[in-house]
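# Structure assessment
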Amino acid sequence: MTAGSIIRLFSLAAIWGASFLFMRIAVPELGPAWLMFGRVLLAALFLALVAIAFKRSLPIRGYALHFMLLSFFNTALPFLLFAYAAQTLTASLLAVLNATAPLWGALIGWLFFRQTMSLKITGGLLLGICGVAILVGFDTAVDSSALPAIAAAAGAACCYGIATWYTRLAKPVPAFINAHGNMWGATLWLLPLLWFIPLPVAQPATQSLLAVVALGVVCTGVAYMLYFRLVQDLGATPTLTVTFLIPVFGVLWGHLFLNETIGWHTLAGAAIVISGTMLVTGFNLSSLRAAKAPVKE
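Residues numbered from 1 in each chain as written. Predicted model: local features only at pLDDT ≥ 70, side-chain atom pairs only at ≥ 80, totals over all residues. Heavy atoms only, no water.

The name that an unreviewed UniProt entry assigns to the protein chain is DMT family transporter, with the source organism given as Rheinheimera lutimaris. Per UniProt, the comment on the protein chain under Subcellular location (unreviewed entry) is "Membrane". (UniProt positions renumbered as here; feature names shortened; annotations may be inferred.)

Given below as structure tokens:
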């Protein structure tokens, strides 16, 4: 990796890790529905401006159903579930549970797509389960009342696994167009909820509104641009490194800005979950060296 790629990789991990921090800040005053609607709308508008600047159109005819299906499982539903969970769980725990998405993808592949469950993948799944058990079971701040929030966060990660398989099986679409259409689709999915779910407070504080802007523009719009640049420069396999770095930054930001406690169970659980994810994805240094040169659009 070049110095520029390393900077972009760590920047992307830091930004996506911060998304759980901003959710924790804004969700008490905005609630899950309004918070995530603001996030995807701002991201859609940002990507629309980028598309105009680079003269890239967004094809709707023939792609509308694809965008709606992808946005439901890849954005609207998991964002909503994570925002619901953020009302109860710490940013650290949310970031680690997010890292289980590849584990869910492997399980879905085995259950529904006849993917071979090798010894390595099975071991990775078991490690992931053990890591989450340690993370949750030894956290004194987590009790039985937090179980719905844990289930919601796990469900969000599962949605990412479903979206991964859908994207793999669907007709190939350029990455930027997928991201752009995905955000507008998620905006349409979340818009009807606003008629039924009022804002928790009449006048949200400036801090909460700034957190929404950060989520939409930085953690979604800018993050996608960084991600696409990394895939273009490095290829998909090396870019996967970001999956293992996000929990590190999620735990760090939660500790620095929200005074969340970093106990032994946090570090151990995160390390075990990341190790299980690496086994399931087959990620190692040799895979980095063997990664093919990326194909530019």
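We now examine the packing of aromatic side chains. The description of an aromatic ring pair rests on the distance of the ring centres and on the angle between the ring planes. Enumeration according to the criterion identifies eleven aromatic pairs in this entry. With a centroid separation of 5.0 Å and 90° between ring planes, the pair formed by Phe72 and Phe73 is classed as edge-to-face. Judged by relative accessible area, which is 26%, Phe72 ranks as partly exposed. Note on Phe73: relative accessible area 27%, which makes it partly exposed. Judged by centre distance (6.1 Å) and plane angle (50°), the ring pair of Trp253 and Phe257 falls under tilted. Within this pair, Trp253 and its partner Phe257 are both found in helix H10 (residues 241–258), separated by four residues, close to a single helical turn. For Trp253, a relative accessible area of 18% puts it in the buried group. In this structure Phe257 comes out as exposed when scored by relative accessible area, which is 56%. Taken together, the ring pairs connect Phe10, Phe249, Trp253 and Phe257 into an aromatic cluster. Here Arg39 stacks its cationic end above the ring of Phe79, 3.9 Å away from the centre of that ring. Arg168 extends its terminal NZ or CZ atom over the ring of Trp165, reaching a point 4.3 Å from the ring centre. (Phe/Tyr/Trp six-rings, centres within 6.5 Å; stacked < 30°, edge-to-face > 60°. Buried < 20%, exposed > 50% of the residue type's maximum accessible area, 1.4 Å probe, protein only. Helix = DSSP H or I, 4+ residues; strand = E, 2+ residues; numbered from the N terminus. Lys NZ or Arg CZ within 6 Å of the ring centre and 35° of its normal.)

When the terminal C-alpha atoms of helix H11 (residues 264–281) are compared, their 26 Å separation across 18 residues agrees well with the 26 Å that a helix rising 1.5 Å per residue should span. All of the buried residues along H11 are His265, Thr266, Gly269, Ala270, Val273, Ile274, Gly276, Thr277 and Val280. One side of H11 holds all its buried residues, which, seen down the axis, span an arc of 160°. Opposite its buried face, H11 presents the exposed residues Trp264 and Leu267, each directed more than 90 degrees away. Looking at the packing, one finds that the buried side of H11 touches helix H3 (91–98), helix H4 (101–112), helix H5 (119–137) and H10. (Expected span 1.5 Å × (residues − 1). Arc of directions from axis to C-beta. Contact = heavy atoms within 4.5 Å.)

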